[in-house]
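# Residue-level structural notes
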Amino acid sequence: MKYIYYGFGGFIGFVCGLIINLILYAVEKSGQPILTNLGRDYGVLGRYLIEVFNALPFFGIVMGIVLVHFMFAKRFGGEPNGGDGFSSRD
């Protein structure tokens with residue numbers, strides 16, 4: 001059952017990243033060059049940020065899985081603080 005939760009979290013993260021990606025793509029197509037100016041104004045750093053932006057749906061998958069792990073750790077039988085059963089308060 002936990003893999004269904006992980007899969008759903010990854011799917012939702014992918015969809016959210018894809019929607020953000022499509023919104024900025026539509027803004028670019030409408031004539032407001034947000035991303036293209038990054039590469040032109042900031043050089044290598046701008047090009048790196050554009051590549052990170054293009055990978056946003058994949059980062060969404062990872063963040064969705066991590067979020068599900070921390071939200072449902074007790075239900076899955078593990079501890080959210082690393083699984084050793086001890087926290088900093090003990």
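All values reported here derive from a predicted model rather than from experimental measurement. (Residues numbered from 1 in each chain as written. Predicted model: local features only at pLDDT ≥ 70, side-chain atom pairs only at ≥ 80, totals over all residues. Heavy atoms only, no water.)

## Some details on the overall build of the protein chain
A tally of regular secondary structure across the protein chain gives 5 helices and 0 strands. Going from N to C terminus, the protein chain has its helices and strands arranged as α-α-α-α-α. Per-residue burial for the protein chain yields a buried fraction of 19% across its 90 residues. Sequence-distant contacts, at least 24 apart, represent 59% of the contacts inside the protein chain between residues at least 6 apart. Here the protein chain displays about 6,900 Å² of accessible surface, and carbon together with sulfur accounts for 69% of that area. (Helix = DSSP H or I, 4+ residues; strand = E, 2+ residues; numbered from the N terminus. Buried < 20%, exposed > 50% of the residue type's maximum accessible area, 1.4 Å probe, protein only. Contact = heavy atoms within 4.5 Å. Areas by Shrake-Rupley, 256 points an atom, 1.4 Å probe, with all protein chains shown as cover.)

## Things to note about the packing of aromatic side chains
Evaluated as defined, the whole model comprises 2 aromatic pairs. With centroids separated by 5.0 Å and ring planes inclined at 5 degrees, the aromatic side chains of Y5 and F72 adopt a geometry described as stacked. You can see Y5 sitting in helix 1 (residues 2-29) and its partner F72 sitting in the loop between helix 4 (56-71) and helix 5 (73-76), a full 67 residues away along the chain. The exposure class of F72 is partly exposed, given its relative accessible area of 24%. (Phe/Tyr/Trp six-rings, centres within 6.5 Å; stacked < 30°, edge-to-face > 60°.)

## Some points on the packing of helix 2 (residues 34-42) against helix 3 (residues 44-54)
At a closest axis distance of 5 Å, the pairing of helix 2 and helix 3 adopts a crossing angle of 150 degrees. Put simply, helix 2 runs roughly antiparallel to helix 3. Judged by residue contacts, L35, L38, G39 and Y42 of helix 2 engage V44, L45, G46, R47, L49, I50 and F53 from helix 3. Broken down by class, the residue content of the contact of helix 2 with helix 3 amounts to 8 nonpolar, 2 polar and 1 charged. (Axes fitted to C-alpha atoms, helices over the stretch in contact; angles between N-to-C directions. Parallel < 35°, antiparallel > 145°, perpendicular 65-115°, else oblique. Nonpolar A, V, L, I, M, F, W, Y, C, P; charged D, E, K, R; others polar.)

## Some remarks on the side chain of N21
Of note, N21 is situated in helix 1. If we skip the residues at most four places from it in the chain, N21 touches F53, N54 and P57.

## Quick look at helix 4
When the terminal C-alpha atoms of helix 4 are compared, their 22 Å separation across 16 residues agrees well with the 22 Å that a helix rising 1.5 Å per residue should span. Within helix 4, the full set of buried residues consists of P57, G60, G64 and V68. Buried residues of helix 4, viewed axially, fall in a sector of 65 degrees; they line one side. Turned more than 90 degrees away from the buried face of helix 4 sit F58 and M63, all of them exposed. Of the surrounding secondary structure, the elements contacted by the buried residues of helix 4 are helix 1, helix 3 and helix 5. (Expected span 1.5 Å × (residues − 1). Arc of directions from axis to C-beta.)

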